[in-house]
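# Reading the structure
As a plain string of letters, each chain reads:
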Amino acid sequence: MLFNSLEFLLFFPIVTAVYFFLPQRFRAWFLLLASCVFYMSFVPAYILILAFTIFIDYFAGMLIEGAEGRQRKYFLVASIVANVGVLALFKYYNFLDWNLDWLLQRFGRHTALPFLAIALPIGLSFHTFQAMSYTIEVYRRRQRAERNFHIYALYVMFYPQLVAGPIERPQNLLHQFYEHHEFGYRRVTDGLKLMAWGFFKKVVIADRLARMVSRVYDDPRSYQGLPLMLATFYFAIQIYCDFSGYSDIAIGAAEVMGFRLNRNFNRPYFARSISEFWGRWHISLSTWFRDYLYISLGGNRVSIPRWYLNLFIVFLISGLWHGANWTFVAWGALHGSYLLFGLATRELRVRWVHAVGLPRWPRLYHFFQRLVIFALVTFAWIFFRARNGVEAVYIVGHLFSGVGQKLMRHEQWIDPSVLLGEDRASFVIALVFILLLGIVEAVQGKRNIREAIGQLPAWSRWGLYYALLLTIMWFGVFNKTQFIYFQF
C-alpha cells in the first residue's frame, strides 16, 4: 500500500481512529494486524518471509540472553545467517549467479545454477537490518530480550516504517508499544503537518521530476550535454524528495499515534563535507553501518591504512546494500573515494584556504563548500540511477558535450531537448518548487518551522495549511509512483 494512494488515505485515518478508541491491552495487537494488512497489500505471500525471520529472531533473542560464553555468539551468528541468507537469496542470488557465469565463461565453462524468477520483497533490506539490530543489541547486553511475541513482531512490522525506514533500534521503539498514548491535539497536528510536507515533496516535486529524469535515463544515448546535466541534477532532487518525503510521512504518521521515530534526514544538501553529508542523509542506515560494521572492523582505533580500508569497505557494502548491480558498488566506491581523498588532503586544503584568505568571507566560503559537495554527490548519483555501467559511462562521457556551444549561442539554451519533454510552463513550475524547497530548508536550519507555524495567528496558520493542501491537489502527480527506496 503506497503512501501516495487513495487506499492509504482511507487506511491511515481508520487505523488511527480505531487505535485511540481501543483499550490499551488491545492496541499492540491491532497495530500488528493493521501492519500485516498494510504489507500484504503489496504481495500477500511475502508476509511468510517476514514471519520466518520474526520467529527466528524472537527465539534467538531469548536464547542469546539466557546463554553464556561462546553459546551467545553461536546463537547470534545463527540469527544473522538466517537473516542475511534470506536477503541474499532474494536480492543477490541472481547477481552472484550472473557474475560467476561471466567469470567461468572466460574458461569456457558455465554455472549449473538455475536462474530464480523471484521478485524482491518490498523493503526486505530495511526490516532485515532492523531485525539484526535487535539480536546484536541483545548480544551486547544493551537490550533485554522481548518476551511478548506480538510486541517483537510489531517492532519489525510497524507499518509506518516497515518498507523504507527509518531503521529503528529496539531501545527506541520496543518500549513505546507498552506506553499508553492519549490523543493530543498539538502532537496530532504536528504529525499531520509533517505528513503534508512529505506528500508535497513526493507528489509535487519528486514525481514531477521523475517524468523528466526517466525520459533521459531510460534512453541516455539520445541526449548529450545540458539535458544529461539537467536530468542528473533533477534526479538528485528527486531522490531526496522521494526518500525524505517517505520518511516525513512515516515519522508524521507514527507521531499522530504517539510514537517517536528517529530523524532520517537533516538537510543533506547543505553539508560542507562528505562525512557531514552522510551524517545528514539516511541517518538510520549510516549509523547502522557505523555501529555494527565500521566499529566491528576496528573503526579508527587501528593504523591509518587499516582505518582507510575500514571506511572504504563500509561504503562498498553500503553500495551493494542498495542494489545487486555493479553501478551501486561504483556509487559506494565513489563516496568512499571522496571521503578518503578528503581525509588525506585535509591539512593541505586547510593551508590553501588560509593562503587565499577564504576565512575572511565565511558565507562565501561555506557556500563554495556546499556547492562542491553537492556537485560531487550529484555526479555520484549518475551511477545510482543509470540502468547499467555502460550507460553510466556514456552519461559521464557526454555530460559536458556541446555545453560550450550553447554558452556561445545563448538563444539555444531552452530548446526542446533541454525541456526534457515538458512544456515550458511545467518546466518552470518544477524549478519554482525546487526553489521553494531550498528556501524552506534554509529557514529550517535556523528555526523549527513547525513550531514557528504553530505560533502564527489562526488565520495565517490555516491559510498556510490550505495553501499547502491546494498545491498538493493542483500540482501533485497522482500516478501511484512507487517510492524509489522500496526496491531496496
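Structure shown above.
In what follows, the accompanying structure is described. No experiment lies behind these values; they were computed from the predicted model shown. Every chain is numbered on its own, with residues counted from 1 as its sequence reads. The model is predicted, so local features are restricted to residues of pLDDT at least 70 and side-chain atom pairs to those at 80 or more, both for listing and for counting; the totals for chains, interfaces and linings are taken over all residues. For the side-chain quantities, the full set of heavy atoms in the structure was used; hydrogens and water were omitted.

### Some remarks on the packing of aromatic side chains
Given two aromatic rings, one states the distance between the centres and the angle between the planes to describe the pair. Geometry of aromatic contacts follows a simple scheme: Phe, Tyr and Trp rings, the Trp one being its six-membered ring, pair when their centres are within 6.5 Å, and the pair is stacked under 30 degrees between planes, edge-to-face over 60, tilted otherwise. Inspection of every chain in the model, using the stated rule, returns 61 aromatic pairs. Ring geometry for Tyr58 against Tyr152: centres 6.4 Å apart, planes inclined by 35 degrees, an arrangement best described as tilted. With Tyr58 in helix H3 (residues 47–66) and Tyr152 in helix H6 (residues 149–157), the pair connects residues that are 94 residues apart, well separated along the chain. Comparing Tyr58 with Tyr152 shows no difference in burial state: the two are buried. Plain terms: the ring middles of Phe243 and Phe265 are 5.0 Å apart, the flat faces sit at 80 degrees to each other, and that makes the pair edge-to-face. Placement of the pair is Phe243 in helix H9 (residues 226–257) and Phe265 in the loop between H9 and helix H10 (274–278), with a sequence separation of 22 residues. Accessible area is worked out with a 1.4 Å probe on protein chains only. A residue is then buried under 20% of its type maximum, exposed over 50%, and partly exposed in between. A residue is classified by how much of its surface remains accessible, and Phe243, at 1% relative accessible area, is buried. By relative accessible area, Phe265 is classed as buried at 9%. Put simply, a charge is over a ring when the Lys NZ or the Arg CZ is close to the ring centre, within 6 Å, and near the line of the ring normal, within 35 degrees. One cation-aromatic arrangement involves Lys91 over Trp321; the distance from NZ or CZ to the ring centre is 5.2 Å. Positioned above the aromatic ring of Phe270, the side-chain terminus of Arg267 is 4.7 Å from the ring centre. Starting at the N terminus, helices and strands are each numbered in turn, a helix being any DSSP run of H or I of at least four residues and a strand any DSSP run of E of at least two.

### Examining the environment of Phe374
Along the polypeptide, Phe374 turns up in helix H15 (residues 362–385). If we skip the residues at most four places from it in the chain, Phe374 touches Phe233, Ala236, Ile237 and Tyr269. Whether two residues are in contact is decided by their heavy atoms, any of which lying within 4.5 Å being enough.

### Some points on helix H12 (residues 304–322)
Taking 1.5 Å of rise per residue, the 19 residues of H12 would be expected to cover 27 Å, and the 28 Å separating its terminal C-alpha atoms lies within 8% of that figure. Those residues of H12 not exposed but buried are Asn310, Leu311, Val314, Phe315, Ser318, Gly319, Trp321 and His322. One fewer than the residue count of a helix, multiplied by 1.5 Å, yields its expected span.

### Observations regarding the nonpolar core
For our purposes a nonpolar core is just a set of buried Ala, Val, Leu, Ile, Met, Phe, Trp, Tyr and Cys residues, chained together by side-chain atoms within 4.5 Å. Counting residues in each nonpolar core, the largest one holds 141 residues, and the members touching the most others are Phe8, Met157, Tyr234, Tyr269 and Trp381. The element contributing the most residues to this core is H9, with 20 residues. For Tyr234, the contacting residues outside a window of four places in its chain are Leu209, Met212, Val213, Leu420, Phe427, Ala430, Leu431 and Ile434.

### Regarding the side chain of Asp291
The residue Asp291 is located in helix H11 (residues 283–294) in this model. The class for Asp291 is buried, based on a relative accessible area of 14%. Among the polar contacts made by the side chain of Asp291, one reaches the side chain of Arg169 at a distance of 3.0 Å. Any pair of nitrogen or oxygen atoms within 3.5 Å is treated as a polar contact; in protein, a donor-acceptor pairing is required on top of that, and neighbouring residues in sequence qualify only through side-chain atoms on both sides. Here Arg290 takes part through its side chain, which lies 2.8 Å from a polar atom of the side chain of Asp291. Beyond its immediate sequence surroundings of up to four residues, Asp291 is in contact with Arg140 and Arg169.

### Some thoughts on the pattern of salt bridges
Basic side-chain nitrogens of Lys or Arg form a salt bridge, by our definition, when they fall within 4 Å of a carboxyl oxygen of Asp or Glu. For the structure shown, the criterion picks out 16 salt bridges. Between Arg169 and Asp291 there is a salt bridge, with the nearest N and O atoms lying 3.0 Å from each other. Highlighted residues: Arg169 in the loop between H6 and helix H7 (170–173) and Asp291 in helix H11, separated in sequence by 122 residues. This pair shows no difference in class: Arg169 is buried, exactly as Asp291 is. Overlapping salt bridges, with partners in common, bring together Glu65, Arg144 and Arg147 in one network.

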